[in-house]
Amino acid sequence: QVRLVESGGGLVQPGGSLRLSCAVSGCEFINEMGWYRQAPRKQRELVAAVTSDGSTNYADSVKGRFTISRDYAVNTVNLQMNSVEAEDTAVYYCNVKCPTSGATATDYWGQGIQVVVSS
């Protein structure tokens, strides 16, 4: 039973900061943890992710502004969002990839949390 608990969404002013967290349980080994987002009429896109070896991947639009980190001891991934812009408004989804027997990693998703950047 894989569980993802997301927190940290809400309203923030342009130029402000917000921190998203996702705690995962029930996954013995996590290949990758990260955050995706989806704005209205747009495809869900990768925001940032961190793999089991510590490598990170960021969308070009957030490089230099967002930072992803992972606490391996408690299987938690954090997304520090700085200098946010109106274009960052979206529903953000936590994602975790867990290996399964006889198959490649299976994706699990959080319920989604709303981030609104507005004055």
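Below or above, wherever it landed, is the structure these notes cover.

Rules of the game
- Residues numbered from 1 in each chain as written.
- Predicted model: local features only at pLDDT ≥ 70, side-chain atom pairs only at ≥ 80, totals over all residues.
- Heavy atoms only, no water.
- Salt bridge = Lys/Arg side-chain N within 4 Å of Asp/Glu carboxyl O.
- Helix = DSSP H or I, 4+ residues; strand = E, 2+ residues; numbered from the N terminus.
- Buried < 20%, exposed > 50% of the residue type's maximum accessible area, 1.4 Å probe, protein only.
- Core = buried A, V, L, I, M, F, W, Y, C linked by side-chain atoms within 4.5 Å.
- Pairing = 2+ DSSP bridges.
- Axes fitted to C-alpha atoms, helices over the stretch in contact; angles between N-to-C directions.

Here the focus is the pattern of salt bridges. On inspection of all chains with the given rule, the structure shows six salt bridges. One salt bridge in this structure joins aspartate 88 and arginine 37, with 3.0 Å as the shortest N-O distance. Taken as a pair, aspartate 88 in the loop between strand S8 (76-81) and strand S9 (90-100) and arginine 37 in strand S4 (residues 32-38) lie far apart in primary sequence, 51 residues in all. When sorted by exposure, aspartate 88 lands in the same class as arginine 37, which is buried.

The biggest cluster of nonpolar side chains holds 30 residues, and the ones touching the most others in it are Leu20, Trp35, Leu79, Met81 and Tyr92. Elements supplying a minimum of two residues to this core: strand S3 (18-25), S4, strand S5 (45-51), strand S7 (66-71), S8, S9 and strand S11 (113-117). Among the elements that make up this core, the one with the highest residue count is S9 (five residues).

Glancing now at the sheet that holds S8. Strand order in this open sheet of four strands is S1-S3-S8-S7, and the pairing throughout is antiparallel. Taken across any chain shown, the strands that pair with only one partner, and hence form the sheet edges, are strand S1 (3-7) and S7. In this sheet, neighbouring strand axes are inclined to one another by 15° on average, regardless of whether the strands run parallel or antiparallel. Sheet topology note: the S1/S3 ladder contains five bridges and is antiparallel.

Any functional reading would require information that these geometric values do not contain.
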